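Structure at a glance
Residues per chain are reported as follows:
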Amino acid sequence: MSDTPEQLEMWCAGEDWCPITTTATLIGKKWHPVIIHRLLNSGPSGFNELKTEVDGISSKVLSDSLEDLQENGLVDRTVVNEQPFRVQYSLTDRGMSLEPVITSMAEWGQQHLRPPEDDDSR
C-alpha cells in the first residue's frame, strides 16, 4: 500500500471542469453531504445513530447512501460486535479530506439561505 491514496476515475463533461463534475458525482446526491457532515461532527457512528442524526432519511436510503459512499472510498464500515450484530461507520482519510468542502457548503448556506418559517407564526 502506498502513502498516496488511490486516484479516483474522473467523469468528464468538459475538460475544464472535470474535477468539479467528479466531486459532484461523489457527493452530489441529496444525503451524501449530510451523512459526511454528521460523521465529521460526531465521529464514528452506528447505523441507528446516523439514522437519528440525519433527520428525514429512510433506512433504505441511508443504507444505499452508506454503501455508495463506501464504494467510493469515503466511508469505512467496521463490524464492532457479532452478537448482537453491530456495525460502525467512519470516514476514511479521503472522506475526512472533504471537511473544507462540507464546511464551505454549510457556511454558504448560513449566509444565503432563509430558514423555513415556523408554522406557528402564520
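What counts, and at which threshold
- Residues numbered from 1 in each chain as written.
- Predicted model: local features only at pLDDT ≥ 70, side-chain atom pairs only at ≥ 80, totals over all residues.
- Heavy atoms only, no water.
- Helix = DSSP H or I, 4+ residues; strand = E, 2+ residues; numbered from the N terminus.
- Pairing = 2+ DSSP bridges.
- 1 Å grid on protein atoms, 1.4 Å probe; cavity = no way out; pocket = protein on both sides within 12 Å on 5 of 7 lines; lining within 4 Å.
- Points joined across faces, edges and corners; volume = space filled by probe spheres on them.
- Nonpolar A, V, L, I, M, F, W, Y, C, P; charged D, E, K, R; others polar.
- Core = buried A, V, L, I, M, F, W, Y, C linked by side-chain atoms within 4.5 Å.
- Buried < 20%, exposed > 50% of the residue type's maximum accessible area, 1.4 Å probe, protein only.
- Salt bridge = Lys/Arg side-chain N within 4 Å of Asp/Glu carboxyl O.

Our next topic: unusual backbone geometry. Pro84 follows Gln83 through a cis peptide bond whose omega is -10°. Assignment of secondary structure puts Pro84 in the loop between strand 2 (75-82) and strand 3 (85-91).

The next subject is the pairing of strand 3. Pairing analysis gives two bridges linking strand 1 (residues 45-46) to strand 3, with the strands arranged antiparallel. Bridge pairing in strand 3 links Ser45 to Tyr89. Bridge count for strand 2 against strand 3 is seven bridges, and the pairing is antiparallel. Along strand 3, the bridge assignment pairs Val75 with Leu91. In sequence, strand 2 turns back onto strand 3 through a hairpin of two residues.

Next up on the list: the layout of surface pockets. When its volume is computed, the second largest pocket comes out at roughly 280 Å³. Those elements giving two or more residues to the lining of the second largest pocket turn out to be helix 2 (32-42) and helix 6 (99-112). Take the lining of the second largest pocket: its biggest share by element is four residues, from helix 2. Its residues assigned to classes, the lining of the second largest pocket shows five nonpolar, one polar and one charged.

Okay, the nonpolar core next. Ile35, Ile36, Leu66, Leu74 and Val75 are the most contacted members of the largest nonpolar core, which has 20 residues in total. Examining the composition of this core, we find that four residues originate from one element, helix 2, more than from any other.

Tallied over the full model, the rule gives three salt bridges. Among the ionic pairs, Arg38 bridges to Glu53, the shortest N-O distance being 4.0 Å. With Arg38 in helix 2 and Glu53 in helix 3 (residues 47-53), this residue pair connects regions lying 15 residues apart in the sequence. Judged by its relative accessible area of 38%, Glu53 falls in the partly exposed class.

With that settled, the discussion passes to the environment of Leu39. Residue placement: Leu39 occurs in helix 2. The sequence separation of Leu39 and Val75 amounts to 36 residues, and the corresponding C-alpha distance is 9.1 Å.

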